[in-house]
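# Commentary on secondary and tertiary structure
Each chain, written out:
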Amino acid sequence: VVAYGTSDPGPPRPEQAEAFRALVPALKGRPYLLYLSRIHPKKACDLLLDAFAEVYGPRDDMDLVMAGPAADDYLAALKAQAVRLGIAGRIHWPGMLQGDAKWGAFHGCEAFVLPSHQENFGIVVAEAMACGRPTLISDKVNIYREVVSSGGGLAEPDDRPGIARLLTRFAALSPQERRQMGEHARAGFLKSFEVGQAAEDLNAACRDAIAGR
């Protein structure tokens, strides 16, 4: 078994931030956590809203961007949940992000969060790491061991207490610790998930197989 990989998006560019911010004008420059994936029950979106309300509701120092395509009925249910929790004004729903807007969202976030109930790999996790962002995931994302061992992120179980603990642990980090986590995430990406490295890992596995090892 060898790792999958993704291309290095390179450093942030002003037009990326502009493209993203144009889609979320209500964000108004506030710091935010980024969820970027299909909005689906499998991804524990409802538990993420619960945990965000628990951890950041009283603090009022963080917003949450929920980016991705969604079925109309599920999206409506999540928005109604945010209203009940009293956090609707701090949750942003820009839909599916592509191109500059996608990379602007990654580069600008305080951390990337994906609390899925199951992920074979989670390419968005590698993309967040490539952008040097702290990565907060459940232990059902199958690359969570690599993320944690790199020092570039945190992992907890995919239930409400686990996701709340994930956000609580991140909220407790100092600005310097968050910067260091982002730097470790970037290094972890280059070591394990950059597409050239992934190709070399596959080549090595093939060479071993050919050699009869």
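Note that the coordinates shown come from a computational prediction; the quantities given were computed from them, not determined experimentally. (Residues numbered from 1 in each chain as written. Predicted model: local features only at pLDDT ≥ 70, side-chain atom pairs only at ≥ 80, totals over all residues. Heavy atoms only, no water.)

### Describing the layout of surface pockets
Think of a ball as big as a water molecule: rolled over the atoms, this probe shows where empty space is left. The line we're drawing: Only protein atoms enter the 1 Å grid used here, on which a cavity is any set of points holding a 1.4 Å probe that cannot leave and a pocket is any open set flanked by protein within 12 Å on both sides along at least five of seven lines; residues with an atom within 4 Å of a point are listed as lining. Grid points are joined across faces, edges and corners, and a volume is the space filled by probe spheres set on the points. By the criteria applied, helices consist of DSSP H or I runs no shorter than four residues and strands consist of E runs no shorter than two, each listed in order from the N terminus.
Considering only enclosed or pocket space, the largest pocket measures out at about 150 Å³ in volume. The wall of the largest pocket is formed by L36, S37, R38, K43, K102, E119, G122, I123, V124 and E127. Per element, the largest residue contribution to the lining of the largest pocket is three residues, and it comes from helix α5 (residues 123-130).

### Brief notes about the nonpolar core
Our working definition: Residues grouped as a nonpolar core are buried Ala, Val, Leu, Ile, Met, Phe, Trp, Tyr and Cys residues, joined through side-chain atoms within 4.5 Å. Per-residue accessibility, obtained with a 1.4 Å probe over protein chains only, is compared with the maximum for each type, and a residue is labelled buried under 20%, exposed over 50%, and partly exposed between these values. The contact criterion used throughout is that any non-hydrogen atoms of two residues lie within 4.5 Å.
In terms of nonpolar packing, the biggest core is built from 64 residues, with L33, L34 and L167 touching the most fellow members. Top contributing element to this core by residue count: helix α2 (residues 45-56), with nine residues. Ignoring anything within four residues of it in the chain, the contact list for L33 reads F52, Y56, M62, D63, L64, V65, E110, A111, V113, L167 and F170.

### Overview of the pattern of salt bridges
Heads up, the condition is: Think of a salt bridge as a Lys or Arg side-chain nitrogen and an Asp or Glu carboxyl oxygen that are within 4 Å of each other.
Evaluated as defined, the whole model comprises 17 salt bridges. Here R30 and D60 are joined by a salt bridge, their closest N and O atoms 3.5 Å apart. Of the two residues, R30 sits in the loop between α1 (14-23) and β1 (32-36) while D60 sits in the loop between α2 and β2 (63-67), which places them 30 residues apart along the sequence. With relative accessibility at 46%, the residue D60 sits in the partly exposed group.

### What to know about the side chain of D63
Rules: By the criterion applied in these results, polar contacts are pairs of N or O atoms within 3.5 Å in which, for protein atoms, one can donate a hydrogen and the other can accept it, and in which residues neighboring in sequence qualify only through two side-chain atoms.
Along the chain, D63 turns up in strand β2. One polar contact links D63 to R30, side chain to side chain, over a distance of 2.8 Å. D63 has contacts with L27, R30, P31, Y32, L33, F52, R90 and H92, leaving out every residue within four places of it along the chain.

### So, unusual backbone geometry
Even without being glycine, K28 reaches a positive phi, approximately 50°. Positionally, K28 belongs in the loop between α1 and β1.

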